[in-house]
Amino acid sequence: MRTIVKGEVPRRNTVTTMSESTSYTKYVDLQGLDFDNRFTAQLTGDPRTDNNRRQVNRAYFSEVLPTGTFSPSTLAVSEEVFSLLGLEHELERSQEFAQIFSGNALTYDMEPHAMCYGGHQFGNWAGQLGDGRAINLGEVIGTDGNHYMLQLKGAGPTPYSRSGDGRAVLRSSIREFLCSEGMHHLGVPTTRALSLCGTGDHVVRDMFYDGNPVEEIGAVVCRVAPSFIRFGNFEIFASRGELEELKGLLDFTIRNYFPEIADPSPSAYIQLFEKVVASTATLVAHWQRVGFVHGVMNTDNMSIHGLTIDYGPYGWIDNFDPDWTPNTTDRLQRRYRFRNQPAVAHWNLAQLANALYPAINETEPLQEALDCFEELFIEEWTGMMAKKLGLRDFSDPESQVLLSNLFAILQSEEIDMTIFFRSLAKISAEHDPTNKVPLADIQLAYYTPDDVKEEHWARLDFWLRDYIAIVRASGIIDDERVAIMNQVNPKYVLRNYLAQLAIDDAEKGDFGMVYDLLEMLRNPYGEQPEFEKWATKRPEWARNRPGCSMLSCSS
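A brief report on the enclosed structure follows. Everything numeric in this text was worked out from a predicted model, so none of it was measured.

**Remarks on the nonpolar core**
Phe 101 and Leu 389 are the most contacted members of the largest nonpolar core, which has 177 residues in total. Sort the elements by how many residues they give to this core and helix H7 (residues 266-290) lands first, with 13 residues. Those residues in contact with Leu 389 that sit more than four places away from it in its chain are Phe 394, Leu 402, Leu 403, Leu 406, Phe 421, Leu 424, Trp 463, Tyr 467, Arg 481 and Met 485.

**So, the packing of helix H5 (residues 231-240) against helix H6 (residues 243-257)**
The contact between H5 and H6 brings their axes to 8 Å, and the two run at 155°. Considered as vectors, H5 and H6 are oriented roughly antiparallel to each other. Residue-level contacts link Asn 233, Phe 234 and Phe 237 of H5 to Glu 245, Leu 246, Leu 249, Leu 250 and Thr 253 of H6. Of the residues in the contact of H5 with H6, the class split is five nonpolar, two polar and one charged.

**Some details on the pattern of salt bridges**
What the rule picks out here adds up to 30 salt bridges. Linking Asp 50 and Arg 48 is a salt bridge whose minimum nitrogen-to-oxygen distance equals 2.8 Å. Here Glu 260 ties to Lys 275 by a salt bridge, and the two come within 3.3 Å at their closest N and O atoms. A residue pair is termed long-range when its members are at least 10 positions apart, and Glu 260 in the loop between H6 and H7 and Lys 275 in helix H7 qualify at 15 residues. Accessibility expressed as a relative area gives 51% for Glu 260, which makes it exposed. Here the salt bridges do not stand alone but share partners, grouping Asp 318, Glu 414, Asp 416, Arg 495, Arg 538, Glu 540 and Arg 543 into one network.

**Side note on helix H11 (residues 417-424)**
The α-helix advances 3.6 residues per turn, and as a result positions three or four apart in sequence lie on the same side. Counting buried residues in H11 gives eight out of eight residues, a clear majority hidden from the surface. Met 417, Thr 418, Ile 419, Phe 420, Phe 421, Arg 422, Ser 423 and Leu 424 are the residues of H11 that are buried. Its buried side turned inward, H11 meets H7, helix H9 (364-388), helix H10 (397-412), helix H12 (440-443), helix H13 (454-474) and helix H14 (478-486). For H11, the N-terminal cap is Asp 416; the gap from its side-chain oxygen to the backbone nitrogen of Thr 418 is 3.1 Å.

**Things to note about a negative patch on the surface**
A cluster of acidic residues, Glu 274, Glu 362, Glu 364, Glu 368 and Asp 371, forms a negative patch on the protein surface. Among the elements that make up the negative patch, the one with the highest residue count is H9 (three residues). Structurally, Glu 362 can be placed in the loop between helix H8 (341-360) and H9.

**Quick notes on the environment of Asn 51**
Mapping Asn 51 onto the fold places it in the loop between helix H1 (38-42) and strand E3 (61-63). Note on Asn 51: relative accessible area 30%, which makes it partly exposed. Sequence spacing of Asn 51 and Pro 157 is 106 residues, and the spatial spacing of their C-alpha atoms is 7.6 Å. Discounting chain neighbours no more than four positions away, the residues touching Asn 51 are Val 64, Pro 157, Thr 158 and Pro 159.

Cut-off values and rules
- Every chain's residues receive numbers from 1 upward, in the order its sequence appears when written.
- Predicted model: local features are reported for residues with pLDDT of at least 70 only, side-chain atom pairs are reported and counted for 80 or more only, and whole-chain, interface and lining totals are derived from all residues.
- To obtain the side-chain values, all non-hydrogen atoms of the structure were used and water was disregarded.
- In plain words, nonpolar cores are sets of buried Ala, Val, Leu, Ile, Met, Phe, Trp, Tyr and Cys residues tied together by side-chain atoms within 4.5 Å.
- Burial status follows relative accessibility: with a 1.4 Å probe on protein chains alone, a residue under 20% of its type maximum counts as buried, one over 50% as exposed, and anything between as partly exposed.
- Each helix is a run of H or I in the DSSP string that is no shorter than four residues. Each strand is a run of E no shorter than two, and both are numbered from the N terminus.
- Throughout, a contact is declared for two residues whenever any of their heavy atoms are within 4.5 Å.
- To get an axis, fit a line to the C-alpha atoms, keeping to the stretch in contact for a helix; angles then go from 0 to 180 degrees between the N-to-C directions.
- Throughout, the term roughly parallel applies to angles under 35 degrees, roughly antiparallel to angles over 145, roughly perpendicular to angles from 65 to 115, and oblique to all others.
- Under the convention adopted here, Pro, Cys and the residues Ala, Val, Leu, Ile, Met, Phe, Trp and Tyr are nonpolar, Asp, Glu, Lys and Arg are charged, and Gly plus all remaining residues are polar.
- In the sections that follow, a salt bridge refers to a side-chain nitrogen of Lys or Arg positioned within 4 Å of a carboxyl oxygen of Asp or Glu.
- Any pair of nitrogen or oxygen atoms within 3.5 Å is treated as a polar contact; in protein, a donor-acceptor pairing is required on top of that, and neighbouring residues in sequence qualify only through side-chain atoms on both sides.
- Here the term patch refers to residues with relative accessible area over 30% and no salt bridge, with like charges joined within 9 Å and nonpolar side chains (Val, Leu, Ile, Met, Phe, Trp, Tyr) within 5 Å.
- Using the Shrake-Rupley algorithm and a 1.4 Å probe, accessible areas are obtained, with residue cover drawn only from the displayed protein chains.
- Under the counting rule used here, the positive set is Lys and Arg, the negative set is Asp and Glu, and His together with the chain ends is not counted.
- Every charge is mapped to an atom, namely NZ of Lys, CZ of Arg, CG of Asp or CD of Glu.

Note that every value here comes from positions in space, so none of it alone points to a role or purpose.
Have a look at this one:
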């Protein structure tokens, strides 16, 4: 498959890039991408085309071009997403690919734009936000027949950038690229990542907002999702009383993403909300299943598709601490801590319901749909937890007590959540419950086993005997139980310290660990002996190191 450079063509709203002395947009042909730009074709854009920061009213998006960079290069790609979009794999080595997905060129079918939306941040209405460092290139029809929006994060300023420069740095871009793909292979609903590109530029960032800015290496990630419509897209129109635009977005969303719903009407809008409630409940249950903490669950970071979106200061809990948050901005309030994610999701859905109300004018059906969240979440979460323990369900009182006692044990010492559940499958249900249960495999999950008191080990032994008895009573044979558990309890996750080690190497020009982690994350439930060294507890040096324990929204 050939790529043909078609040259530079003048355009209406042009930019001068760092690597070019004249103002123009470079167009190239990248064969394989089949565009159908519904968002920009069916919705109204901002009439202004200048790239100046401003309030944008009665518009869904603003046209904006990516800003060119000094020396673009392709650093990594997702082979699966490449195939999904219909691209030939030899293109990943082409200069045209690097030019396009670093923001230095467009294809003729692309319609770059930034979306207008608002949002509640840390519980407070923040007004207009919008795509401040993300530029949507357009919608591609994938090989599966579905539409996918391509979005560059870090491709330069937009009218929504506020005081930011619209750029992203290598460290955060690596984290987003790897986690997007890792979450997909874990079975967690998520946006995907096509590519990670270097820019050749440096970006000034104050990582912890403590008055110590430094120059960092710039990068761009190409995100991929059915759409990047968020709760905040609806909130901004409701907040401004722009009812026509609110209904227009609802109609567009139903028509293109939820065609199973009847023709747009107030009852259809309620059905849409019911679906968003359900998919959000499922999403957060998956986060709790694998120990993922999003870190910044603002309403502008909540997808109407029930996807994990906007990977910023996320993290995996190592020792089971329900009050842990990876976000330095949230370290005092801990609003977005692990245990609070279901409650925050429910609160965010309430804000979405408030935004939809002007188009429906009925409170009761919205409240009824919202009230279903807790039941839906518990149903999803308990089903997942049953599988994590190799059980069919928690229908009997004994198994319910078993679960609550387990969480008490996990919180009583520093116990690695991922390793504990993976090791639990190694406990044989054929063990004689009158004898002590061998603890060697389980003890691997403890950070300081030598400091654990005998009373704790006795408590754990008692719990394990109850567990074995319940497994036996359920009639599940050991092989079946182990298979169930190993399909939902990952052996490998993107631990914070692993991502930081990969970043350390990449900043020195070595991307070997980035590639290895990407390969490892493709099969998180497999044994993968070649990656066994990464299926271990967080090392002590990473306990309080920046990037391993706490992160910020800086990118």
